[in-house]
Amino acid sequence: MSTHDFDLDAPDARALWEGMYAAAGGRWSGRPNDALVRAVQDLAPGTALDLGCGEGGDVVWLASRGWRATGADVSPTALARGAARAAAAGLADRARFEEHDLGASLPAGAFDLVAASFLHSFAHLDRDDVLRRAAGLVAPGGSLVVVGHVTVPPWGGAAHAERHVDLPAPAEVREVLAPATAGWQVLREELLQREVEGPDGQRAAVADGVLHLRRPA
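All of the points below concern the structure found in this document. (Residues numbered from 1 in each chain as written. Predicted model: local features only at pLDDT ≥ 70, side-chain atom pairs only at ≥ 80, totals over all residues. Heavy atoms only, no water.)

**Focus: empty space enclosed by the protein**
Alright, step 1. Across all of its chains, the model carries 1 cavity of 30 Å³ or more by this definition.
Alright, step 2. Here the largest cavity is characterised by a volume of approximately 50 Å³.
Alright, step 3. Around the largest cavity, the lining residues are Arg-127, Val-146, Gly-148, His-149, Pro-168, Ala-169, Pro-170, Val-173, Gly-209 and Val-210.
Alright, step 4. Of all the secondary structure elements, the ones that give two or more residues to the lining of the largest cavity are strand S5 (138-149), helix H7 (170-177) and strand S7 (203-214).
Alright, step 5. In terms of residues, the lining of the largest cavity owes the most to one element, S5, which gives 3 residues.
Alright, step 6. Here the residues of the lining of the largest cavity sort into 6 nonpolar, 3 polar and 1 charged. (1 Å grid on protein atoms, 1.4 Å probe; cavity = no way out; pocket = protein on both sides within 12 Å on 5 of 7 lines; lining within 4 Å. Points joined across faces, edges and corners; volume = space filled by probe spheres on them. Helix = DSSP H or I, 4+ residues; strand = E, 2+ residues; numbered from the N terminus. Nonpolar A, V, L, I, M, F, W, Y, C, P; charged D, E, K, R; others polar.)

**Thoughts on H7**
Alright, step 1. All of the buried residues along H7 are Pro-170, Val-173, Val-176 and Leu-177. Buried residues of H7, seen end-on, are gathered within an arc of 115 degrees and therefore sit on one face of the element.
Alright, step 2. Structurally, H7 contributes buried residues whose contacts are with helix H5 (127-135), S5, strand S6 (185-197) and S7. (Buried < 20%, exposed > 50% of the residue type's maximum accessible area, 1.4 Å probe, protein only. Arc of directions from axis to C-beta. Contact = heavy atoms within 4.5 Å.)

**Description of the packing of helix H1 (residues 13-22) against helix H4 (residues 76-88)**
Alright, step 1. Contact geometry for H1 and H4: axes closest at 7 Å, N-to-C directions at 50 degrees. As summarised for this structure, H1 and H4 are arranged oblique, according to the angle between their axes. Across the interface between the two elements, Arg-14, Glu-18, Tyr-21 and Ala-22 from H1 touch Pro-76, Thr-77, Ala-78 and Arg-81 from H4.
Alright, step 2. Grouping the amino acids of the contact of H1 with H4 by side-chain chemistry returns 4 nonpolar, 1 polar and 3 charged. (Axes fitted to C-alpha atoms, helices over the stretch in contact; angles between N-to-C directions. Parallel < 35°, antiparallel > 145°, perpendicular 65-115°, else oblique.)

**Quick notes on the pattern of salt bridges**
Alright, step 1. By the definition in use, this model includes 10 salt bridges.
Alright, step 2. Between Glu-189 and Arg-174 there is a salt bridge whose closest N-O contact spans 2.5 Å. One end of the pair, Glu-189, is in strand S6; the other, Arg-174, is in helix H7, and 15 residues separate them in sequence.
Alright, step 3. Given the relative accessible area of 34%, Glu-189 is considered partly exposed.
Alright, step 4. For Arg-174, a relative accessible area of 31% gives the class partly exposed.
Alright, step 5. A network of salt bridges, in which partner residues are shared, links Arg-38, Arg-188 and Glu-190. (Salt bridge = Lys/Arg side-chain N within 4 Å of Asp/Glu carboxyl O.)

Set out below in structure tokens:
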């Protein structure tokens, strides 16, 4: 039996992720992802796009650092929470949120930073295609940062395996992106270890992959 409090067998991505966010008053801490912070903290602020932004922790952090940040997600509930968090922080003029099923559409424009953190989906998502299209949104001289699970804790493994959720290492992500990023500079390609806590208080070590590419100016 699944330990999830939402329907992993929802008919589409919007129903699944909206169900997940609507089932709880808040899913995440509101803090930015450590791997993303480590990758971009020394970049000069510009325009940023966060794909699969969830409740907007990374978007709000980027806005607080001077970026004009856009978050895209398929869940209206998550987006509303992100917008409320930005407004409460006095950053509504620097953080915006757009509803997109990333398999069908991405925000328009060119961005100095495009980030995709933990863009894995129990619902069908051609992640490789999304990331290649995302590379096309990076402005000359800009960065593409992909952070993803490479391993998951024991209590999450069954759901990921049953639904064939892809958990590629950074080198595999780089290969997937190669057709769209020929000539780009690899600034970071690494595995980061961290400890996570499960629903019953158990703890486990997991690995996250980070790939940071820079498009030539």
